[in-house]
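Remarks on the overall topology
Given next are the chains, with one letter for each unit.
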Amino acid sequence: MPQPIRKIVFPVAGLGTRFLPATKAVPKEMLPVVDKPLIQYAVEEALEAGIDQFIFVTGRGKHAIEDHFDHAFELEQTLEEKDKIALLKQLEPTVPPAGNVAFTRQQRPLGLGHAIWCARHFVGNEPFAISLPDMLVDAQPSCLAQMVKVYEETGGNVIAVEECAPEDTNKYGVIAPGAANGARMEVLGLVEKPKPAEAPSNLFVLGRYILTPRVFEHLDNQKPGAGGEIQLTDSMAQLIGEQPFHALKYDGVSYDCGDKVGFLKANVALALKREDMAGRVREALAELGLKG
């Protein structure tokens, strides 16, 4: 069996300009979907996959993320004194064990590949996962748990993919798929934001990755690619042929919470799955002339 996946990198240094002015003082990863910030969904997804060491690549103004995953002693004491035990228990997933969380900074916005490279010393010489919190994935088992299962079967590198409209391939990293085994397929190539006429498929990389530390060797020497940034896709493409590389067409639903409409859609969809509020949400939608 391949080496277990214990670590995950969250690249959270982005400025969140698409959500200004809301993100002027609040990190976009802390924007709530129903009643949990986006970054907490990502951490809980990783925990379900058996991953328990978290590396955050941050930037200026991201202290709220670090504070969120720490004890809030005054709040906890107040809830305990007022016997609000249920609320106190809701805070438990926000405090990982001591020593299991690390923060490092990406001082300059040089791209996703550069952000992952900034975590190299924390990852060390072992396989690791990457999660982009903007992409919230509602799946059971979690998307990362499904990917870990594939990784245990194949070793090497595994990415999650889903279909996009053919005309939207220029928004994503897109794969050239090979032989398929159910929802799992070989990856023959990777292209960052190809024009629709040049795209090898309409299967795009979702924002969930399991990679070997070999990717850091390629990131060390990488030059800027699409958009003038150091693209993770370019370094991953160099792993193809060197190591096993598979894509998983995961079972679940994704919401692009880096987009305002996608963010609103995620809030409504997840609220409708909550027993404590689904009825009231449907009533609110009906008042707006909509259906839930």
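Residues numbered from 1 in each chain as written. Predicted model: local features only at pLDDT ≥ 70, side-chain atom pairs only at ≥ 80, totals over all residues. Heavy atoms only, no water.

1. Observations regarding the pairing of strand β6 (residues 128-131)
Consecutive side chains along a regular strand alternate between the two faces of the sheet. Burial along β6 is two-sided: F128 and I130 facing one way and A129 and S131 facing the other are all buried. Pairing of strand β1 (residues 7-11) with β6, which is carried by two bridges, proceeds in the parallel orientation. By the bridge assignment, I8 is partnered in β6 with A129. Summarising the sheet, β6 and strand β11 (residues 203-211) pair through four bridges and their orientation is antiparallel. (Buried < 20%, exposed > 50% of the residue type's maximum accessible area, 1.4 Å probe, protein only. Helix = DSSP H or I, 4+ residues; strand = E, 2+ residues; numbered from the N terminus. Pairing = 2+ DSSP bridges.)

2. Regarding the layout of surface pockets
Approximately 440 Å³ is the volume found for the second largest pocket. Around the second largest pocket, the lining is made up of 22 residues, and of these K36, Y41, V137, D138 and L270 lie nearest the centre. Mapped onto the lining of the second largest pocket, the elements with two or more residues apiece are α1 (38-48) and β7 (135-138). For the lining of the second largest pocket, the element with the most residues is α1, which contributes six residues. (1 Å grid on protein atoms, 1.4 Å probe; cavity = no way out; pocket = protein on both sides within 12 Å on 5 of 7 lines; lining within 4 Å. Points joined across faces, edges and corners; volume = space filled by probe spheres on them.)

3. A closer look at the environment of Q243
Turning to its location among the elements, Q243 is positioned in the loop between α9 (232-239) and β12 (245-249). In the structure, Q243 is positioned 88 residues away from G155 in sequence and 8.6 Å away in space, judged by C-alpha atoms. Beyond its immediate stretch of four places on either side in the chain, Q243 contacts N157, T212 and R214. A distance of 3.0 Å separates the side chain of Q243 from the side chain of N157, its partner in a polar contact. (Contact = heavy atoms within 4.5 Å. Polar contact = N/O pair within 3.5 Å; in protein donor to acceptor, adjacent residues only side chain to side chain.)

4. Some details on the side chain of E45
With respect to the helices, strands and loops of the structure, E45 is situated in helix α1. Overall, E45 belongs to the buried group, its relative accessible area being 6%. A distance of 3.1 Å separates a polar side-chain atom of E45 from the backbone nitrogen of L144. Sequence-distant contacts of E45, that is, excluding residues within four places in its chain, are made with S142, C143, L144 and R208.

5. Thoughts on the pattern of salt bridges
Under the defined criterion, the tally for this structure stands at 14 salt bridges. Ionic pairing is found between K62 and E29, a salt bridge with its closest N-O pair at 2.9 Å. Of this pair, K62 sits in the loop between β4 (53-58) and α2 (63-68) while E29 sits in the loop between β1 and β2 (32-33), placing them 33 residues apart in sequence. Taken individually, K62 and E29 each receive the classification buried, so the pair is uniform in this respect. Beyond isolated ion pairs, a larger network of salt bridges with shared partners links R6, K7 and E126. (Salt bridge = Lys/Arg side-chain N within 4 Å of Asp/Glu carboxyl O.)

6. What to know about the environment of L88
Examined against the element boundaries, L88 turns out to sit in helix α4 (residues 85-90). For the pair L88 and G156, spaced 68 residues apart in sequence, the C-alpha separation works out to 40 Å. Sequence-distant contacts of L88, that is, excluding residues within four places in its chain, are made with E76, L79 and E80.

7. Details of helix α11 (residues 278-287)
Looking only at α11, the buried set comprises A278, V281 and L285. Along α11, the residues classed as buried sweep out an arc of 60° about the axis, all on the same side. Of the exposed residues in α11, those oriented more than 90 degrees away from the buried face are R280, E283 and E287. As for α11, its buried residues are in contact with α10 (260-272). Phi turns positive one or two residues past the end of α11, at G289, with a value near 80°. (Arc of directions from axis to C-beta.)

Such coordinate-based values are descriptive only and should not be taken to indicate function.
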